[in-house]
Amino acid sequence: MKKFIFLSLFLFLNVFLSCNKIGSCPDVDPFFKVTGMRSVQQEGYSILSAGDTTYLEDLLVLHDLSADYYSEASSTPLDGGALHALSCVLPGREGAKEGIAELTVITLRDFNATYQAGDTITPALEFASGWGARSFNDFVDHSTFLDNNAQRLLHQYFGFRMKATPQRDFQITEFKTHLRLTNGDTFQCTTFFPVTVRR
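For every chain, the first residue of the written sequence is number 1, and numbering continues from 1 onward in sequence order. Predicted model: local features are reported for residues with pLDDT of at least 70 only, side-chain atom pairs are reported and counted for 80 or more only, and whole-chain, interface and lining totals are derived from all residues. Side-chain measures were taken over the full set of non-hydrogen atoms in the model, leaving aside hydrogen atoms and water.

*Asks:* I'm lost on the layout of surface pockets in this one. Help?
*Replies:* One way to see where empty space is left: roll a probe the size of a water molecule over the atoms. Space inside and on the surface of the protein is sampled on a 1 Å grid over the protein atoms alone, with a cavity defined as a set of points where a 1.4 Å probe fits but cannot get out and a pocket as an open set with protein on both sides within 12 Å along at least 5 of 7 lines; lining residues have an atom within 4 Å of a point. Grid points are joined across faces, edges and corners, and a volume is the space filled by probe spheres set on the points. Each pocket or cavity is described by its volume, and for the largest pocket that value is around 190 Å³. For the largest pocket, the lining is made up of ten residues, of which Gly44, Asp58, Leu60, Phe139 and Arg161 are closest to its centre. Any residue outside Ala, Val, Leu, Ile, Met, Phe, Trp, Tyr, Cys, Pro, Asp, Glu, Lys and Arg is labelled polar, Gly included; the first ten of those are nonpolar and the last four are charged. Its residues placed into classes, the lining of the largest pocket shows six nonpolar, one polar and three charged.

Next comes the structure, spelled out in structure tokens:
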């Protein structure tokens, strides 16, 4: 009986103290600083490997921005970390303090008669951003995407899909992306693997 009372008291105090933590969030800077960038070609939510084939409408080139957070919130399971994390602003959630000054995508393979290897293919792309591919909403053209992110880069992930049609069926695709932020920092990356796209 004493064990039951002790256990009940322990659980009650743990829940009580955890719930009291909800109202006292740590002081967290909600911005992140971009420190790098990488990109992969995906079909839906699956990353494609070298030699994989996908249909053009299913292709998404996802960019993951490496980030340092200006401030980190710390919590442990004993102080109600799960409740704390759900109720408080996460570090970096407001995006970067810097905006996008320039975003250029170059095709490394011949794509069609208009876009040959080494050409800027940005006009043939539609862009979206979010906290991962599952959160991407409406895709917009390049200039609208730049306008939306000019003051502040809104998310840690962005991606593009093709508007143009490849010259032939079973076209190999590979891209290089250049990103310049408003503070002058520049980043570039190449998609990890060339993949084959069907029309």
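Structure's up, so let's keep going.
*Asks:* Before we go on, may I ask you to explain the pattern of salt bridges in this structure?
*Replies:* It is possible for side chains of opposite charge to pair when their charged atoms get near one another. When a carboxyl oxygen of Asp or Glu is within 4 Å of a side-chain nitrogen of Lys or Arg, the pair counts as a salt bridge. Considering all chains together, one arrives at six salt bridges under this definition. For aspartate 185, the salt bridge is made with lysine 33, and the minimal N-O distance between the two is 3.4 Å. Placement of aspartate 185 in the loop between β10 (175-181) and β11 (186-190) and of lysine 33 in strand β1 (residues 32-43) is noted, with a sequence separation of 152 residues between them. Working definition: with a 1.4 Å probe on protein chains only, accessible area under 20% of the residue-type maximum means buried, over 50% means exposed, and in between means partly exposed. For aspartate 185, a relative accessible area of 27% translates into the label partly exposed. Taking relative accessible area as the criterion, lysine 33 reaches 29% and is therefore assigned partly exposed. Put simply, arginine 161 and glutamate 126 hold a salt bridge, and the shortest N to O gap is 3.0 Å. Of this pair, arginine 161 sits in strand β8 (residues 157-162) while glutamate 126 sits in strand β6 (residues 125-130); the two residues are 35 residues apart in sequence, bridging distant segments of the chain. Taking the relative accessible area as the measure of exposure, arginine 161 reaches 34% and is therefore partly exposed. Only DSSP runs of H or I with at least four residues qualify as helices, and only runs of E with at least two residues qualify as strands; both kinds are numbered from the N terminus onward.

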